[in-house]
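Descriptive analysis of the structure
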Amino acid sequence: MERRKFIRNSALGLGAGVSLTSATMSSKRLNEEFEVGKLPREVWIATLTLTKIDAVNHQEMIEKVLGHMEDIVNYKPDIICLPEVFPFFHISEKISIKDVAEKPLGKITRRLAEFAKKHRTYIICPLYTVEDGKYYNAAVVIDRAGKVLGEYRKIYTTEGEMGKGVSPGPLDPPVFKTDFGTIGVQICFDLEWDDGWDRLKEKGADIVFFCSAYSGGKAVNTRAWQNKFCVVSSTISGTAKICDITGEEVAKTGRWERYWAIAPINLEKAFLHTWPFCQRFKEINAKYGRKVKITNFDEEEWSIIESLSPDVKVADILKEFGMKTHEEYIKCATDMQKKLRG
């Protein structure tokens, strides 16, 4: 983030003799150069919380959220995640789900789609949807062109929701293909069940967005390292955060970052069981130097191999040095155990 600020400030502080047009052109060239240096699977992720945001009605809430999203676009986010049914929390207005539910693109999703198209970003837009007379607590995925990629419907609805007419969604959650990877969604109470998260892992999700009324705490971090994918939470109240595949928090909201957090995640990495593959790490360092980063977690015996160069693919490194991902390593051991048990 500091580098982006440095580039912008340097371009605009060129001296009194330079015209605004020249400064703007220089800034544009510098920004283009910065984007060229972006890693192929580097994803800038933004997430919001509604903590301390109140409105009279859902229309006003949507406008306030869009205002906070405008504060983020200077960082050129690849995707922005919003909280669970965000237009309908922290408002004075009494709403009926039947009156506000829509079939995308409806009034609410259209506003977010316009924003997505204008700023060339994906958006996770949670709201109530309706189909064939059934109502869902859902998250609509909108692409950079403002088109709807699809919809995730909350699998594990609460008793309170079902009492208000909300139906549980299908047990098999969809995944969505983006230009940076495969993503999935879980919503709030889904955190308490394993199968939705497990299914998204099986389907190859790189990032799972957790839209929620509450923070989820350490359980969010745990879902990340257990499944070896990034988890991004967006909350009605409490902390919203971005967790890497190790469960470590890359960014989160707090006292000074009250409404949103944004950070880059590099998806070109692999999660390994440290032993026995650590025996090849010295060779990897000798060959690739700064192009590859290896991070070891001593107590857990985890290792992360990450490419820091556009011309180095982690899959090629694993093949070259005869290494398996954590999932492959565990599967091979499990298969051999089954065979020996007869």
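Basis of the calculations
Residues numbered from 1 in each chain as written. Predicted model: local features only at pLDDT ≥ 70, side-chain atom pairs only at ≥ 80, totals over all residues. Heavy atoms only, no water. Core = buried A, V, L, I, M, F, W, Y, C linked by side-chain atoms within 4.5 Å. Buried < 20%, exposed > 50% of the residue type's maximum accessible area, 1.4 Å probe, protein only. Helix = DSSP H or I, 4+ residues; strand = E, 2+ residues; numbered from the N terminus. Contact = heavy atoms within 4.5 Å. Axes fitted to C-alpha atoms, helices over the stretch in contact; angles between N-to-C directions. Parallel < 35°, antiparallel > 145°, perpendicular 65-115°, else oblique. Left-handed = near helix turned anticlockwise from the far one by under 90°. Nonpolar A, V, L, I, M, F, W, Y, C, P; charged D, E, K, R; others polar. Expected span 1.5 Å × (residues − 1). Arc of directions from axis to C-beta. Pairing = 2+ DSSP bridges. Salt bridge = Lys/Arg side-chain N within 4 Å of Asp/Glu carboxyl O. pLDDT = per-residue confidence, 0-100.

1. Some details on the nonpolar core
Counting residues in hydrophobic clusters, the biggest one holds 38 residues, and the most contacted among them are Met-69, Leu-82, Leu-112 and Ile-123. Residue assignment for this core shows that the elements contributing at least two residues are β1 (42-48), α3 (58-72), α4 (97-100), α5 (107-119), β3 (122-131) and β4 (134-142). Among the elements that line this core, the one with the most residues is α3, at 6 residues. Those residues in contact with Leu-82 that sit more than four places away from it in its chain are Leu-48, Val-65, Met-69, Leu-112, Ile-123, Ile-124, Pro-126, Cys-211 and Ser-234. In terms of nonpolar packing, the next biggest core, distinct from the first, is built from 33 residues, Ile-124, Ile-155, Ile-265 and Phe-271 among them.

2. Some points on the packing of α3 against α5
Running from amino to carboxyl end, α3 crosses α5 at an angle of 15°, the nearest separation of the two axes being 11 Å. Taken together, the axes of α3 and α5 are roughly parallel relative to one another. You can see that α3 and α5 cross each other, and the crossing is right-handed. In this structure, α3 contributes His-58, Ile-62, Glu-63, Leu-66, Met-69 and Glu-70 to the contact, and α5 contributes Ile-108, Arg-111, Leu-112, Phe-115, Lys-118 and His-119. Among the residues making up the contact of α3 with α5, the classes are represented as 6 nonpolar, 2 polar and 4 charged.

3. Focus: α3
Between its first and last C-alpha, α3 extends 21 Å over 15 residues, near the 21 Å set by a 1.5 Å rise per residue. Those residues of α3 not exposed but buried are His-58, Met-61, Ile-62, Val-65, Leu-66, His-68, Met-69 and Ile-72. Buried residues of α3 fall within an arc of 160° about the axis and therefore sit on the same side.

4. With respect to the sheet that holds β4
The sheet built from 6 strands is open, its strands ordered β5-β4-β3-β2-β1-β12 with mixed pairing. Unpaired on one side and paired on the other, β5 (148-153) and β12 (260-266) mark the two borders of the sheet. Each neighbouring strand pair of the sheet contributes to a mean axis angle of 30°, computed without reference to strand direction. Looking at chain direction, β1 and strand β2 (residues 79-81) are connected through 3 bridges and run parallel. Bridge pairing in β2 links Ala-46 to Ile-80.

5. With respect to the pattern of salt bridges
Following the criterion strictly, the structure yields 22 salt bridges and no others. Of the charged contacts, one joins Lys-64 and Glu-60 as a salt bridge, the two residues approaching to 3.9 Å between their closest N and O atoms. On the criterion of helical spacing, the pair formed by Lys-64 and Glu-60 is a turn pair, its members being 4 residues apart in helix α3. Salt bridges here are not isolated pairs; linked through shared partners, they connect Lys-38, Asp-78, Arg-144 and Asp-179.

6. Topic: the confidence of the model for the protein
Here the protein shows a mean pLDDT of 91. Residues at 70 or above account for 89%. Per-residue pLDDT stays below 50 along residues 1-34; that stretch engages in 24 contacts with residues further than four places along the chain or on separate chains.

7. Considering the sheet that holds strand β15 (residues 302-307)
Within the open sheet, the 3 strands sit side by side as β13-β15-β14. Their pairing is antiparallel. Strands at the two margins of the open sheet, each flanked by one partner only, are β13 (269-273) and β14 (292-297). Strand-to-strand, the axes of this sheet are offset by a mean angle of 20°, without reference to chain direction. Of the pairings in the sheet, the one linking β13 to β15 comprises 5 bridges and is antiparallel in character. Considered in β15, the bridge of Phe-271 is made with Ile-304.

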